[in-house]
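A structural walkthrough
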Amino acid sequence: MQTYINVKNGVVPSVCSLDCPDQCGLLVHKKDGKIGKIEGDPDHPVTKGNICNKVRNMGERIYDTKRIKTPLKRVGQKGEGKFVPIGWQEAIETITNHWKKLISEDGPESILPYSFYGNMGNINAEGMDRRFFNRLGSSQIDRTICSVAGSKGYSYTMGGSYGTDPEEMSETKLFIMWGINTVSTNMHQMTIAQKARKQGAKIVVIDVHKNQTGRMADWFIPILPGTDGALALGIMHILYKEKLVDQSFLEEYTIGYKELEDHIEHYQPQLVSEITGIAVEDIYKLARMYGTTSPSMIRIGNGLQHHDNGGMIVRTISCLPALTGQWLVKGGGALKSNSAYLTHNTKELQRPDLQKHHTRTINMNQLGKALFETKDPIRSLFVYGSNPAIVAPESNKVREGLARQDLFTVVHDLFLTETAMFADIVLPATSAFENTDFYTSYWHQYIHLQEPVISPYGESKSNTELFRLLAYAMGFNEQAFKDRDEELINQALNHSSNPYLHDVTFEKLKNDRFIKAKNTNDLLKNLKTPSGKIELYSEKMELDGYPALPTYIPLVEEQNFPFHYVPGPNHNFLNSTFSNNDKHIKLEKAPKLFMNQQDADSRGIENGTTVRIWNNRGECELTVFVGNQVLPSVVVSQGLWSDMPGKNQLINALTPDRLADMGGGATFFSGRVNVEAIRKEKTV
Ligand SMILES: Nc1nc2c(c(=O)[nH]1)N[C@H]1C(S)=C(S)[C@@H](COP(=O)(O)OP(=O)(O)OC[C@H]3O[C@@H](n4cnc5c(=O)[nH]c(N)nc54)[C@H](O)[C@@H]3O)O[C@H]1N2
Ligand SMILES: Nc1nc2c(c(=O)[nH]1)N[C@H]1C(S)=C(S)[C@@H](COP(=O)(O)OP(=O)(O)OC[C@H]3O[C@@H](n4cnc5c(=O)[nH]c(N)nc54)[C@H](O)[C@@H]3O)O[C@H]1N2
Ligand code: SF4
Ligand SMILES: [Mo]
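Residues numbered from 1 in each chain as written. Chains lettered and ligands numbered in written order. Predicted model: local features only at pLDDT ≥ 70, side-chain atom pairs only at ≥ 80, totals over all residues. Heavy atoms only, no water.

**A few points about the sheet that holds strand E9 (residues 202–207)**
Strand pairing in a sheet relies on backbone hydrogen bonds. The paired strands run either parallel or antiparallel. Under the convention used in this document: Two strands make a pair as long as DSSP finds a minimum of two bridges between them. Only runs of H or I of at least four residues qualify as helices and only runs of E of at least two qualify as strands under DSSP, and these elements are numbered from the N terminus. Lines fitted to C-alpha atoms define the axes here, with helix axes fitted over just the stretch in contact, and angles between the N-to-C directions of these axes take values from 0 to 180 degrees. In what follows, a contact means two residues having at least one pair of non-hydrogen atoms within 4.5 Å.
The strand order across the open sheet built from five strands is E10-E9-E8-E12-E13, with neighbouring strands paired in parallel fashion. Pairing within the sheet leaves two strands with one partner each, and these edge strands are strand E10 (219–222) and strand E13 (333–335). Neighbour-to-neighbour, the strand axes of the sheet open up by a mean angle of 15°, direction not taken into account. Across five bridges, the pairing between strand E8 (residues 174–178) and E9 is parallel. Bridged to Ile176 within E9 is Val204. Lying on the sheet, helix H8 (residues 187–197) is in contact with E8, E9, strand E12 (296–300) and E13; it crosses E8 at an angle near 150°.

**Notes on the site of ligand 1**
In plain terms, the rule: It suffices for a single heavy atom of a residue to lie within 4 Å of a molecule or strand for the residue to be listed as near it. In the analysis that follows, any N or O atom pair within 3.5 Å is treated as a polar contact, provided that within protein one partner can donate a hydrogen and the other can accept it, and provided that, for residues neighboring in sequence, both atoms belong to side chains. For the accessible areas, the method is Shrake-Rupley and the probe is 1.4 Å, while residue cover comes only from the protein chains on display.
Around ligand 1, a shell composed of 32 residues is seen, among which Asp207, Gly226, Asp228, Phe573 and Asn575 lie nearest. Here an oxygen atom of ligand 1 and a side-chain polar atom of Asp207 are 2.6 Å apart. Phe573 has a polar backbone atom sitting 2.7 Å from a nitrogen atom of ligand 1. When ligand 1 sits alone it has 900 Å² of accessible area, and the protein chains cover 96% of it. Put simply, the parts of the chain that give the shell around ligand 1 at least two residues each are helix H7 (182–185) and E9.

**Here we look at the site of ligand 2**
Around ligand 2, the structure places 32 residues, and the nearest of them are Ser386, Asp413, Pro567, Ser576 and Thr577. A distance of 2.6 Å separates an oxygen atom of ligand 2 from a polar side-chain atom of Asp413. A distance of 3.2 Å separates an oxygen atom of ligand 2 from a polar atom in the backbone of Leu574. Protein burial of ligand 2: of its 920 Å² of free accessible surface, 95% is covered by the chains. Where the shell around ligand 2 is concerned, the elements lending two or more residues are strand E16 (408–413) and strand E22 (563–568).

**Thoughts on the pattern of salt bridges**
Rules: One side-chain nitrogen of Lys or Arg within 4 Å of one carboxyl oxygen of Asp or Glu is enough to make a salt bridge. Only protein chains enter the accessibility calculation, which uses a 1.4 Å probe; a residue whose area is less than 20% of its type maximum is buried, one above 50% is exposed, and one in between is partly exposed.
Counted according to the given criterion, the structure contains 38 salt bridges. A salt bridge links Arg351 to Asp353; the nearest nitrogen and oxygen atoms lie 2.9 Å apart. Classification of Arg351 by relative accessible area gives partly exposed; the value is 22%. In this structure Asp353 comes out as exposed when scored by relative accessible area, which is 52%.

**As for the nonpolar core**
In plain terms, the rule: Here, nonpolar core means buried Ala, Val, Leu, Ile, Met, Phe, Trp, Tyr and Cys residues that are tied together by side-chain atoms lying within 4.5 Å of each other.
Counting 164 residues, the largest nonpolar core has Trp99, Phe132, Trp178, Leu320, Phe382 and Val675 as its most contacted members. It is helix H10 (residues 228–241) that contributes the most residues to this core, nine residues altogether. Not counting residues up to four positions away in its chain, the partners in contact with Leu320 are Trp178, Ala232, Ile235, Met236, Leu239, Tyr290 and Ile298. Of all hydrophobic cores here, the second largest spans 23 residues; its members include Val7, Ile38, Val453 and Leu574.

**Some remarks on the packing of H10 against helix H15 (residues 310–317)**
Note the threshold: Every angle not falling under 35 degrees, over 145, or within 65 to 115 is termed oblique; those three ranges are roughly parallel, roughly antiparallel and roughly perpendicular. What makes a crossing left-handed is the near helix being turned counterclockwise from the far one by less than a right angle; a clockwise turn instead makes it right-handed. Each residue receives one of three labels: charged for Asp, Glu, Lys and Arg, nonpolar for Ala, Val, Leu, Ile, Met, Phe, Trp, Tyr, Cys and Pro, and polar for the others, Gly being one of them.
Two elements in contact, H10 and H15, have axes separated by 8 Å at closest approach and are oriented at 20°. With respect to H15, the element H10 is oriented roughly parallel. Between H10 and H15 the crossing geometry is left-handed. Along the contact surface, H10 presents Asp228, Gly229, Ala232, Leu233 and Met236, while H15 presents Ile313, Thr316 and Ile317. Here the contact of H10 with H15 is composed, by residue class, of five nonpolar, two polar and one charged.

**What about empty space enclosed by the protein?**
The following threshold applies: Buriedness of a pocket was judged along seven lines, with at least five required to meet protein on both sides within 12 Å; pockets are open sets of points on a 1 Å grid over the protein atoms alone, cavities are sets where a 1.4 Å probe fits but cannot get out, and lining residues have an atom within 4 Å of a point. Grid points are joined across faces, edges and corners, and a volume is the space filled by probe spheres set on the points.
Following the criterion strictly, the structure yields four cavities of 30 Å³ or more and no others. Of the pockets and cavities examined, the largest cavity occupies roughly 130 Å³. Counting only elements with at least two residues in the lining of the largest cavity, the list comes to helix H1 (53–56), H7 and H8. Each residue belonging to the lining of the largest cavity can be placed in one class, and the counts come to 10 nonpolar, five polar and two charged. Lining the second largest cavity, in full, are Val15, Cys16, Ser17, Leu26, Val55, Met58, Ala432 and Phe433.

**A few points about helix H5 (residues 128–136)**
When you tally the buried positions in H5, you get eight out of nine residues, the bulk of the element. Those residues of H5 not exposed but buried are Met128, Asp129, Arg130, Arg131, Phe132, Phe133, Asn134 and Leu136. Residue Gly137 follows H5 closely and has a positive phi angle near 75°.

Quick look at the structure:
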């Protein structure tokens, strides 16, 4: 059979597997049977042949000699990195024998899976693995690290992750990039906005950091961290006062618009200015611009919701397009995530029915804490598709937990990550280019098929293959563990209750490669809120213990540390992926800390020198960039950096593991720190 694997020289189609909203169509150039150049697929309707630098250089990662070729067994201390190669049979036997013993002594809940979306492929990231851990009866992990708080907040207003179609945004006249670094994290969103700008559109960026996205804006609005809810309420105040609301839209499609009008009386521009740090006249200017420009689109980022109050912030912002009736305008509305259009049949794919008893669920944002729980302790951790030693908050606590002598840890990854350094057994994972899977974007509305482009590297195995092996060795003989990848895909796509996902099958995808969600313009008729309308007032929120109307709630006050610290992702890594690739590190240079001139002057800190940044959770040493990119009292760093000899750059040593107001989300950006000069010589 002709497969892409057999193509020696030529170009084969693919899709980007990374946790990035763009989900680009790719063309992989093969030379002598290996991956050479990677390009964008010019026929992809949204990404149109452009891709980022990270993935253009992906070939180097696929063939990086640091990639793990065989299973490994630890022979040194935890964290030391001494391993010897072993065969797959020994690896699987070691793991399953250990687990069988644990299950008989402590019960299956002493085993904890920990995973995220290092590979977004649906059957690999949340398919066969879920079946396995359901059947095992292990503890479950709540995958809250990324976007859950905002998604919950948005859903209270809109009923689910349904937003504006990026393909309609060529018509948009006002883009508000709110807490999103689109140039780095959603590049095609910026491409679309720039194209629209040629037809007169304006780009407004509201952010705590004037980064590459802010520098591209027609108007950059700096704001104090975690205060965006107040700004949105201030805009509402002016919209109502100046009769810029769309009354007929409010009457037909929303509930609670009268209650909201009374409620926002409190959010006077002067008060909002004091909270947000934005001048009163700018609040008026923004509200009037928003109230009079159509179509207008708010692109809501994830940055906003990595805060104590992140759910409520997104809930509040998501009310704005209803006030101006923008949901009826082509290219108008808002986009937090479009993932709901392409939801598949998770019941069939993940098989929760295989779970015989209810089990506890552990929030992944509190892994450190969980590893020290003394009641029903976790005795084994199985990590795949994630690198918690770098990406999880309170990393010092996480690493202390990973170093526990009595914790049996297995890591499945392509590389010996910082987490894998603590493992007892490391298993080699295929890259997505070696797998079959289907992908669904959380920004545009296409579903894609990935077929293997090359054969597995060394002895590596895909997640689906690994969990089939583990199931077999555990003696699980249900058909669910025998289903092949194509069957898993067809089971997941058989989802008649999602009207947007229609008649898509493995075979159809094989032919078409990407297929768009259907009937997406009748959103307002199908809203999944309790009332079926846009809920400006939400009874459900009240029942869940929140204010029913959008409300400004301040961040948790951390005492004694003068700076608010916002450590986001960077341009050339994807979370910690690529942070171990020389080319990407070179492009990024060094981890930087951005500080306001005023703060630097008062502390005798000079641009380009090394500073120590600390709080009661940990410390880091970073290169400081002094200027006006951040407001006084705020410091920002970019990127999740790998451990390197002699460098102290573990960013998440500083971040809190408090949970956000909704969904148990992460609060990476709500911590505080202090900063001091430590070396006078310039490092860059
Ligand atoms: N190059 C690259 N692309 C990526 C990623 C990556 O690591 N690198 N990660 C991917 C993933 S998993 C995700 S979730 C997305 C994340 O990408 P985004 O949704 O863009 O989220 P962040 O980059 O975390 O934060 C966005 C912006 O929010 C700002 N911000 C922080 N706090 C506040 C606040 O209180 N108010 C306002 N107005 N702004 C604030 C930050 O300064 C930052 O510029 O990107 C994806 N794409
Ligand atoms: N300070 C701070 N911390 C953050 C953030 C932040 O903005 N600031 N962002 C947070 C967010 S939004 C997110 S989403 C998380 C992301 O955190 P993670 O999901 O942990 O993301 P990565 O660091 O990219 O790690 C993914 C790992 O999966 C591996 N992998 C890739 N494909 C496969 C596969 O098919 N199988 C297996 N077994 N492994 C595979 C990769 O090699 C890599 O080591 O980080 C969070 N952490
Ligand atoms: S990381 Fe994002 S922008 Fe880069 S190729 Fe993948 S989907 Fe496209
Ligand atoms: Mo994320």
